[in-house]
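Each chain, written out:
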Amino acid sequence: MAKNLLIVESPAKAKTIEKILGEDFEVKSCFGHIRDLEKDEMGIDVKNNFRPRYIVPEDKEKVVKELRQVARKSDEVWLATDEDREGEAISWHLCEVLGLDPVSTKRIVFHEITKPAIQKAVKTPRTLDLNLVNAQQARRILDRIVGFELSPVLWRKMSMKNNLSAGRVQSVAVRIIAEREREINAFTPVSSFKIDAVFTALDLGGKSTTFKAEGGKYAEEKDALSFLNSCLGASYSVADIQVKPAKRTPAAPFTTSTLQQEAGRKLGYSVSRTMLLAQKLYEAGHITYMRTDSVNLSDTAVQDITGQISRDYGDRYSQPRRFRNKNESAQEAHEAIRPTYMERRQIDIADGQRLYELIWKRTMASQMADAELEKTTAKIRISTNKELLSAQGEVLKFDGFLKVYMEGRDEEEEDEQQEGMLPPLSIGQDLPLKEMKATERYTRPAPRYTEASLVKKLEELGIGRPSTYAPTISTILKRGYVEKRDKEGVVRNYRILKLSKDKISTSTETENTGAEKSKLFPTDLGLVVTDFLIQHFDDVMDYGFTARIENEFDEIASGKLEWNNMVGAFYRPFKEDVDNTMQTAERIRGERELGIDPDSGKKVIARMGRFGPMVQIGDVSDEEKPRFAKLKPDQSIETIGFQEAMELFRLPRQLGDFEDSPVTVNIGRFGPYISHNKQFYSLPKELDPYAITLEEATPIIQEKRLAKEERTIKIFEKEKIQVLKGPYGPYLKRGLRNFPIPKDQQEKAAELSIEEVKKMIEDAIANPPKKSARKKKATK
DNA sequence: CAGTGAGCGAGCTTCCGCTTGACTT
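## Here's the deal with the overall build of chain A
Stage number 1. If you tally the helices and strands in chain A, you get 21 helices and 31 strands.
Stage number 2. Taking the principal axes of the C-alpha coordinates as reference, chain A spans close to 95 × 90 × 70 Å.
Stage number 3. Counting only residues that meet the buried cut, chain A has 46% of its 780 residues in that class.
Stage number 4. In chain A, 67% of the contacts between residues at least 6 apart in sequence involve partners at least 24 apart.
Stage number 5. Carbon and sulfur atoms provide 48% of the accessible area of chain A, an area that totals close to 42,600 Å².

## A closer look at helix α9 (residues 271-283)
Stage number 1. Between the first and last C-alpha of α9 there are 18 Å, a value that for 13 residues agrees with the 18 Å anticipated at 1.5 Å per step.
Stage number 2. Turning to α9, its buried residues are Val271, Thr274, Met275, Leu277, Ala278, Leu281 and Tyr282. End-on view of α9: buried residues confined to an arc of 170°, all on one side of the axis.
Stage number 3. Those residues of α9 that are buried lie in contact with α1 (11-21), α8 (256-267), α11 (353-366), α12 (451-460) and α13 (469-478).

## A closer look at the sheet that holds strand β24 (residues 653-658)
Stage number 1. On the basis of which strands lie adjacent, the open sheet formed by four strands has the order β24-β25-β26-β27 and antiparallel pairing. For this open sheet the edge positions go to β24 and β27 (679-682), each flanked by a neighbour on one side alone. On average, each strand axis in the sheet is tilted by 30° relative to the strand beside it, whichever way the strands run.
Stage number 2. In this structure, strand β25 (residues 661-668) lies alongside strand β26 (residues 671-676), joined through six bridges in antiparallel fashion. Along β26, the bridge assignment pairs valine 665 with isoleucine 674.
Stage number 3. Each of β24, β25, β26 and β27 touches helix α19 (residues 694-711); the most contacted strand, β24, lies at about 65° to it.

## Some words on the packing of aromatic side chains
Stage number 1. In the structure shown here, the tally under the stated rule is twelve aromatic pairs.
Stage number 2. Here the aromatic cluster, defined as three or more aromatic residues joined through ring pairs, consists of Phe537, Phe545, Phe570 and Phe574.
Stage number 3. Above the face of the phenylalanine 148 ring, arginine 144 is positioned so that its terminal group lies 4.2 Å from the ring centre.
Stage number 4. Across from the ring centre of tyrosine 269, 4.8 Å away, lies the NZ or CZ of arginine 273, which sits over that ring.

## Some thoughts on the environment of aspartate 36
Stage number 1. Along the polypeptide, aspartate 36 turns up in strand β3 (residues 36-37).
Stage number 2. On the accessibility criterion, aspartate 36 (26% relative accessible area) is partly exposed.
Stage number 3. Spatially, the C-alpha atom of aspartate 36 lies 48 Å from that of lysine 733, the residues being 697 residues apart in sequence.
Stage number 4. A distance of 2.9 Å separates polar atoms of two side chains, one belonging to aspartate 36 and the other to arginine 140.

## Considering the nonpolar core
Stage number 1. Ile145 and Leu355 are the most contacted members of the largest nonpolar core, which totals 132 residues.
Stage number 2. For this core, the leading source of residues is helix α5 (residues 130-157), giving ten residues.
Stage number 3. The residues contacting isoleucine 145, other than those within four sequence positions of it, are Met42, Ile44, Phe50, Leu150, Val567, Phe570, Tyr571 and Phe574.
Stage number 4. Counting 27 residues, the second largest nonpolar core, distinct from the first, contains Ala234, Ile382, Leu497 and Leu499.

## A short note on the sheet that holds strand β21 (residues 603-609)
Stage number 1. Taken in spatial order, the four strands make up an open sheet running β20-β21-β22-β23, and their pairing is antiparallel. Two strands lie at the open edges of the sheet, namely β20 (592-596) and β23 (627-630), each paired on one side alone. Along the sheet, successive strands turn relative to each other by an average axial angle of 25°, direction set aside.
Stage number 2. Relative to β21, β20 runs antiparallel, the two sharing four bridges. Note that in β21 the partner of glycine 595 across the bridge is valine 604.

## A short note on the state of the cysteines
Stage number 1. Tallied over the entire structure, the rule returns zero disulfides.
Stage number 2. Lacking any disulfide linkage, cysteine 30 is separated from the closest cysteine sulfur, that of cysteine 95, by 12 Å.
Stage number 3. Relative accessible area serves as the criterion here: at 0%, cysteine 30 is assigned to the buried category.

## As for the protein's contact with DNA strand B
Stage number 1. Surrounding DNA strand B, one finds 50 residues, the nearest of these being Ser10, His33, Tyr289, Phe611 and Tyr673.
Stage number 2. Counting only atoms of DNA strand B within 4 Å of the protein, the sugar-phosphate share comes to 58%.
Stage number 3. Between DNA strand B and arginine 144 there is a distance of 3.1 Å, counted from a base nitrogen to a side-chain nitrogen or oxygen.
Stage number 4. Between DNA strand B and the protein, one listed contact pairs a phosphate oxygen with a backbone N or O atom of valine 169 at 2.9 Å.
Stage number 5. Elements represented by at least two residues in the surface near DNA strand B include exactly α5, α9, β22 (612-617) and β23.
Stage number 6. Partitioned by chemical class, the residues of the surface near DNA strand B number 18 nonpolar, 15 polar and 17 charged.

## Observations regarding unusual backbone geometry
Stage number 1. One non-glycine residue with positive phi stands out, namely phenylalanine 31, at about 55°.
Stage number 2. Within the element layout of this structure, phenylalanine 31 appears in the loop between β2 (25-29) and β3.

## Things to note about the pattern of salt bridges
Stage number 1. In total, this model carries 47 salt bridges according to the counting rule given.
Stage number 2. Between arginine 139 and aspartate 143 there is a salt bridge; the shortest N-O distance is 2.8 Å. Here arginine 139 pairs with aspartate 143, and both are found in helix α5, just four residues apart, close to one helical turn.
Stage number 3. For aspartate 143, a relative accessible area of 17% corresponds to the buried category.

## Brief notes about the packing of α8 against α11
Stage number 1. Axis separation between α8 and α11 bottoms out at 11 Å; the angle between their running directions is 120°. Taken together, the axes of α8 and α11 are oblique relative to one another. Handedness of the α8/α11 crossing: right-handed. In this structure, α8 uses Thr258, Leu259, Glu262, Ala263, Lys266 and Leu267 to contact α11, whose residues at the interface are Arg354, Leu355, Leu358, Ile359 and Arg362.
Stage number 2. Of the residues in the contact of α8 with α11, the class split is six nonpolar, one polar and four charged.

## Observations concerning the environment of alanine 178
Stage number 1. In this fold, alanine 178 is placed in helix α6 (residues 170-185).
Stage number 2. Overall, alanine 178 belongs to the buried group, its relative accessible area being 1%.
Stage number 3. Between the C-alpha atoms of alanine 178 and leucine 520, which are 342 residues apart in sequence, the distance is 9.5 Å.
Stage number 4. If we skip the residues at most four places from it in the chain, alanine 178 touches Pro522, Leu527 and Thr530.

## A word on the side chain of serine 237
Stage number 1. Its place among the elements puts serine 237 in strand β11 (residues 236-248).
Stage number 2. Contacts of serine 237, omitting those with residues within four sequence positions, involve Lys379, Ile380, Arg381, Gly428, Gln429, Asp430 and Leu431.

Conventions and cut-offs
- Along each chain, the written sequence defines residue order, and numbers are assigned to residues from 1.
- Whichever chain is written first becomes A and whichever ligand is written first becomes 1, with later ones labelled in order.
- Selection of residues for local features in this predicted model requires a pLDDT of at least 70, selection of side-chain atom pairs for listing and counting requires 80 or more, and totals for whole chains, interfaces and linings are taken over all residues.
- Processing note: side-chain calculations cover all non-hydrogen atoms of the structure and skip hydrogens and water entirely.
- Only runs of H or I of at least four residues qualify as helices and only runs of E of at least two qualify as strands under DSSP, and these elements are numbered from the N terminus.
- Accessibility here uses a 1.4 Å probe with only protein chains present; expressed as a share of the type maximum, an area under 20% marks a residue as buried, one over 50% as exposed, and anything in between as partly exposed.
- Contact between two residues is taken to exist if any of their heavy atoms lie within 4.5 Å; hydrogens are not considered.
- Accessible surface is estimated by sampling points in the Shrake-Rupley manner with a 1.4 Å probe; for residues, cover comes only from the protein chains shown.
- To estimate how far a helix should reach, multiply one less than its number of residues by 1.5 Å.
- Note that the arc is computed from the directions linking the helix axis to the C-beta atoms.
- Paired strands are those between which DSSP finds at least two bridges.
- In this analysis, axes come from line fits to C-alpha atoms, helices being fitted only over the stretch in contact, and the angle between any two N-to-C directions falls in the range 0 to 180 degrees.
- Stacked, edge-to-face and tilted labels apply to pairs of Phe, Tyr and Trp rings (six-membered ring for Trp) whose centres lie within 6.5 Å, assigned for plane angles under 30 degrees, over 60, and everything in between, in that order.
- A positively charged side chain is recorded as over a ring if its NZ (Lys) or CZ (Arg) lies within 6 Å of the ring centre. The angle to the ring normal must also be within 35 degrees.
- Counted as a polar contact is a pair of N or O atoms within 3.5 Å, where, for protein atoms, one must be capable of donating a hydrogen and the other of accepting one, and residues adjacent in sequence contribute only when both atoms are in side chains.
- Nonpolar cores were defined as sets of buried Ala, Val, Leu, Ile, Met, Phe, Trp, Tyr and Cys residues, with membership established by side-chain atoms within 4.5 Å.
- Criterion for a disulfide: a pair of cysteine sulfur atoms within 2.5 Å.
- Distances are taken per atom, and a residue is near a molecule or strand as soon as one of its heavy atoms is within 4 Å of it.
- Under the scheme applied here, ten amino acids are nonpolar (Ala, Val, Leu, Ile, Met, Phe, Trp, Tyr, Cys and Pro), four are charged (Asp, Glu, Lys and Arg), and all others, including Gly, are polar.
- The salt bridge definition used is simple: a Lys or Arg side-chain nitrogen within 4 Å of an Asp or Glu carboxyl oxygen.
- Angle categories are assigned with fixed cut-offs, so that under 35 degrees is roughly parallel, over 145 is roughly antiparallel, 65 to 115 is roughly perpendicular, and the rest are oblique.
- In this scheme the handedness of a crossing depends on how the near helix is turned from the far one: anticlockwise by less than a right angle means left-handed, clockwise means right-handed.

Here's what the structure looks like:
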């Protein structure tokens, strides 16, 4: 048995370190936190100065048991958890659980897993920083208080009884989405007319080529038109040329958040997919740790990278750089995300190759030379007019880092101006005009968030940590506060005024606008809950809340503040808000009045109901019962109009009784249908669900029933299994699902026993058709 | 693919951050 036990957080790290340290050390991993607050009564003894009650969670018992065994047999235990607040706390919990003295136990840290770094760390151990541990406890306890006090408020005040939750991170994440949505809803596009002209000139080879120049913007069509009019009969010449050098600098190597953003933009991955693949790459030893907020590269890594650049592209392309973190809250326990060996281009993980390549390129580019450009601006004079047109061109003089990598762009950063090449021009040169246009362009609202741009925003606000970005998004989706979906655009007209061959013509064109793919939309539930939380807990919902408490955690870490005092100062007013809200606030309904129903004279309101967003005519206090209608999936309490709401009450329609049971028409997920006696009959396309009568409906029911009888071979009433005749032979139906009958037994379908049928269904479930086979069919 | 939508009240849910497998469909 080794003399020393060294404990790290990650098992992948443990393996490598054990090789480096040799026989004197046994290296074990604790798999992150090993203790957490008990769930009963928050796990906090509020009256006793917020004394926390920690327990070892069930899934960590095995790990702790093993660590205890090894620790007992070792002479000395070394704590080598990550160098940040959480890591320090994990080490402290290890002391508590393993019976080590927190004042004398050896604590070491390293930022890279190389032989010299680890040997140096072992030579210079320190002891636990208990102030830092206390800062972590304050963080943990405060998050528990916020989450476990706010969530029950929602359970009490929301009529929807699914498991709602609120917390310092998730609730602000939903708020960001909600506010963007309202910004978009409130946005009114303003149009203006942008002038651009196309000229012809000779290129370097003496061939005729065209280039574009831009003019001014006009708010009104008539002003744009009068400008074009003023250009009739004009001649054009180069008034001025300016050439300026410019450069572009590579982006820093990846952190968790930038990797998630870039993988989203370039590969279309969700943040959880990115993290899943990155985890695989890390475990296989291909990349450094994937949950980090540091842009730092170790010295050995920089050597490896610059060496690779020189070999691949020559010394001119190599330019070692140090990147600094913008974000002060970065805790820098790890390096940036980079390949462990730059010479490795291909990896054996099929799914991970594209992500690996992205990381490889970004890492290479970060240590490469700037790209050098030459920007040319030419001013073009109009003989009949004082205005100048401006043409811009860009020439890449030296590609530098662009040789391997170009950072992707978010929608909001996109500018419409794209710079191409300009032909050689000289001052005074005459330019023949090919055409000039004034195109109507509309202002656009800020785009909805993608998963990755939400992560970016959260990081900017200092909310959440690399290990929680992906889980936070999963949580707000799972709770139904937010949905990820596409939105179809709407068609809009725009005007074009064109000057060509000294004549002006006008036309109206159409464009599709507002279409979005895979974006985050708030649900009515998300909007209503966010409003409620802001109304009653504006401090916690504030975008600056996390930053403010982080400052206090830092003060605790530096010994200037007692953690219990800090938590107490937050708790007292917060708890008062919670108690007041519990007692006084009404049920959350998110109510909006839409108008008055002309038939009954009663109020029409949209609100949140027991089963989700709904419209209601009248009130429960009225003599007559109120009428209710559920909103369709694409409708929202926030935006539904009166007419649209009233439409919802046209269905379902009761047509009358048939065979002593009511016949009802409605529109379902798959189109209009009739329901009768718990059976559904779809409506032929030519029949209008709003106009169909009982006389028209009954034949449909009878026909379908007849057809069904003809198709039925056998029914097992008790088990609700049917044997049916299909176009390809007999098959089984249980509930809504169909199951095949094996070919050799199809002939005796009518004689099948219940045991045989049940077995067939079990077999079919156990051996589902292969995915690839189904996919092929679907794509055909 | 129904209709439900008030309120009562068992017994349930919930946070953030650190780590991976062991599960099922």
